[in-house]
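Take a look at the letters that make up each chain.
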Amino acid sequence: MFAIVRTGGKQYRVAAGDKIVVEKMAGEAGDKITLDDVLLAGEGGDLKDVAGLTVAAEIIAQAKGEKVIVFKKRRRHNYRRKNGHRQRHTILRIVAIGAEDKKAAKAEAKTQDAAPAAAEA
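Residues numbered from 1 in each chain as written. Predicted model: local features only at pLDDT ≥ 70, side-chain atom pairs only at ≥ 80, totals over all residues. Heavy atoms only, no water.

For the protein chain, the name recorded in an unreviewed UniProt entry is Large ribosomal subunit protein bL21, with Sphingobium xenophagum as its organism. What UniProt states about the protein chain under its Sequence similarities (unreviewed entry) heading is, verbatim, "Belongs to the bacterial ribosomal protein bL21 family." (UniProt positions renumbered as here; feature names shortened; annotations may be inferred.)

Here it is as structure tokens:
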């Protein structure tokens, strides 16, 4: 199963087990996060309903990207400025697509089934 999620203003096609590099997100290595903004989901050629669908991910590391040199120059004015910039990234491992909602739905179903049984007793 695959999904297209939006985070950091960009869209990523992900599947369970994939590693992706996204814009900086809050959290430490090992933290579990949930990506709620799922745009599309499917399996093979079939598309699935994305209402309430989430993608579970784990933060592998917080890292910095390659250095980008910003050089400004104005001709004939002896004006030169050189700056560097390293963008911060978060590396994610996709754990599951939609698994959290399925587990929550099963847990709710069990509690609803148990509640009438308790009321009858």
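**Things to note about the packing of aromatic side chains**
Across all of its chains, the model carries zero aromatic pairs by this definition. Note that Arg-13 overlies the ring of Phe-2, its terminal NZ or CZ placed 4.4 Å from the centroid. Positioned above the aromatic ring of Tyr-79 is the side chain of Arg-74, whose terminal nitrogen or guanidinium carbon lies 4.7 Å from the ring centre. (Phe/Tyr/Trp six-rings, centres within 6.5 Å; stacked < 30°, edge-to-face > 60°. Lys NZ or Arg CZ within 6 Å of the ring centre and 35° of its normal.)

**Topic: the sheet that holds strand E4 (residues 32-35)**
Overall, antiparallel pairing links the four strands, which are arranged E3-E8-E7-E4 in an open sheet. Unpaired on one side and paired on the other, strand E3 (19-23) and E4 mark the two borders of the sheet. Each neighbouring strand pair of the sheet contributes to a mean axis angle of 45°, computed without reference to strand direction. As judged from the 17 bridges shared by strand E7 (residues 55-74) and strand E8 (residues 79-97), these two strands associate in the antiparallel manner. In the sheet register, Ala-57 faces E8, and the bridge partner there is Ile-94. (Pairing = 2+ DSSP bridges. Helix = DSSP H or I, 4+ residues; strand = E, 2+ residues; numbered from the N terminus. Axes fitted to C-alpha atoms, helices over the stretch in contact; angles between N-to-C directions.)

**What about unusual backbone geometry?**
Even without being a glycine, Arg-76 presents a positive backbone phi close to 60°. Looking at the secondary structure, you find Arg-76 in the loop between E7 and E8. Among the residues examined, Arg-76 registers a relative accessible area of 72% and is labelled exposed. (Buried < 20%, exposed > 50% of the residue type's maximum accessible area, 1.4 Å probe, protein only.)

**Things to note about the pattern of salt bridges**
Scanning the entire structure with this criterion turns up four salt bridges. Between Lys-32 and Glu-58 there is a salt bridge whose closest N-O contact spans 3.7 Å. Remark: Glu-58 occurs in strand E7 and Lys-32 occurs in strand E4; sequence separation between them is 26 residues. We note a salt bridge from Arg-93 to Glu-58, for which the minimum N-O separation is 3.5 Å. Of the two residues, Arg-93 sits in strand E8 while Glu-58 sits in strand E7, which places them 35 residues apart along the sequence. One salt-bridge network, in which partners are shared between bridges, spans Lys-32, Glu-58 and Arg-93. (Salt bridge = Lys/Arg side-chain N within 4 Å of Asp/Glu carboxyl O.)

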